[in-house]
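Residues per chain, in single letters:
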Amino acid sequence: IVFESYGCQACHARSDSDKDGEKLPGPWRSRERDIAPTLANMGGKTTADWIAYWVEDPARYWHGTKMPNLRLSREEAASVGKYVATGSCTSSRFSS
């Protein structure tokens, strides 16, 4: 599963700084954005299970969220949760 296929990078930065030729947009650099959190170090803040629960249906957890329901299966959500929680966000592929 390719990270970009979900469009996550439209709102989320994968790191706190430029890496691997990926330039961060200005708002990510200044940390003044209110769109979505940077995905770097999410594993230090929460668990893969919680991330999977969140991405499977964000409005189930927070009704006012701006994050769209990506219509992920439970397995896809688990893959995203593992990918984000393990810090694999510097890679361009999910760990399945």
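Since the model is a prediction, treat every value here as computed from it, not as a measurement.

Caption draft 1: Looking closely at the overall build of the protein. Helix and strand counts for the protein come out as 4 helices and 0 strands. Ordering the α and β elements of the protein from the N terminus gives α-α-α-α. By residue count, 33% of the 96 residues in the protein fall in the buried class. Counting only contacts in the protein whose residues sit at least 6 apart along the sequence, the fraction spanning at least 24 positions is 48%. In the structure as shown, the protein presents an accessible area of about 6,000 Å², 52% of it carried by carbon and sulfur atoms.

Caption draft 2: Inspection of the confidence of the model for the protein at higher detail. Within the protein, residue pLDDT values average 76, and 66% of them lie at 70 or more. Mean pLDDT values for the elements of the protein range from 58 in helix α1 (residues 26–30) up to 94 in helix α2 (residues 48–56). Low pLDDT, under 50, characterises residues 90–96; the stretch is placed with 25 contacts to residues that sit more than four places away or in other chains.

Caption draft 3: How the structure looks around the packing of aromatic side chains. If you walk through the whole model with that rule in mind, you get 3 aromatic pairs. On the numbers, 5.8 Å between centres and 5° between planes, the contact of W50 with W54 is stacked. Remark: W54 and W50 occur in helix α2; sequence separation between them is 4 residues, near one turn of the helix. According to the relative accessible area criterion, W50 is partly exposed, its value standing at 31%.

Caption draft 4: Seen up close, the nonpolar core. Counting 13 residues, the largest nonpolar core has M42, I51, V55, L72, A77, V80 and V84 as the members making the most contacts within it. Looking at this core, the elements that each hand over two or more residues are α2 and α4 (74–85). With sequence-adjacent residues up to four places away left out, L72 is seen in contact with Y6, V55, E56, A77 and V80.

Caption draft 5: Quick peek at α2. Taken together, the buried positions of α2 are occupied by I51, A52, W54, V55 and E56. Close packing links the buried residues of α2 with α3 (58–61) and α4.

Caption draft 6: Highlighting α4. With 12 residues, α4 ought to run about 16 Å at 1.5 Å a step, and its terminal C-alpha atoms sit 16 Å apart, in line with that. Buried residues of α4: A77, S79, V80, G81, Y83 and V84, and no others. Tucked into the core, α4 has its buried residues touching α2. Phi for G87, located one or two positions after α4, is positive at around 80°.

Caption draft 7: Spatial organisation of the packing of α2 against α4. Two elements in contact, α2 and α4, have axes separated by 7 Å at closest approach and are oriented at 130°. Relative to α4, the element α2 is oriented oblique. For the pair α2 and α4, the sense of crossing is right-handed. When α2 is examined against α4, the residues A48, I51, A52, V55 and E56 are found in contact with a partner set consisting of R74, A77, A78, V80, G81, K82, V84 and A85.

The rules behind each value
- Position numbers for residues start from 1 in each chain and track the written sequence from start to end.
- Per-residue local features of the predicted model are confined to residues with pLDDT of at least 70, and side-chain atom pairs are confined, for both listing and counting, to 80 or more; whole-chain, interface and lining totals are unaffected and use all residues.
- As a rule here, side-chain values come from all non-hydrogen atoms in the structure, and water together with hydrogens is ignored.
- Labels follow the DSSP assignment, with helices taken as runs of H or I lasting at least four residues and strands as runs of E lasting at least two, numbered in each case from the N terminus.
- The rule is simple: take the accessible area with a 1.4 Å probe, protein chains only, and divide by the maximum for that residue type; under 20% is buried, over 50% is exposed, in between is partly exposed.
- A contact between two residues is defined here by any heavy atoms of the two lying within 4.5 Å.
- Accessibility throughout is a Shrake-Rupley quantity obtained with a 1.4 Å probe, and a residue counts as covered only by protein chains that appear here.
- A residue's pLDDT is the confidence the predictor assigns to it, expressed on a 0 to 100 scale.
- A pair of aromatic rings is counted whenever rings of Phe, Tyr or Trp (Trp by its six-membered ring) have centres within 6.5 Å, and the orientation is called stacked for planes under 30 degrees apart, edge-to-face for over 60 and tilted otherwise.
- Only buried residues count toward a nonpolar core, which is a set of Ala, Val, Leu, Ile, Met, Phe, Trp, Tyr and Cys residues joined through side-chain atoms within 4.5 Å.
- Multiply 1.5 Å by the residue count of a helix minus one, and that product is the helix's expected span.
- To obtain an axis, a line is fitted to C-alpha atoms, over the contacting stretch when the element is a helix, and the angle between two such axes runs from 0 to 180 degrees between their N-to-C directions.
- Any angle between 65 and 115 degrees counts as roughly perpendicular, while under 35 counts as roughly parallel, over 145 as roughly antiparallel, and the rest as oblique.
- Left-handed describes a crossing in which the near helix is turned anticlockwise from the far one by less than a right angle; the clockwise case is right-handed.

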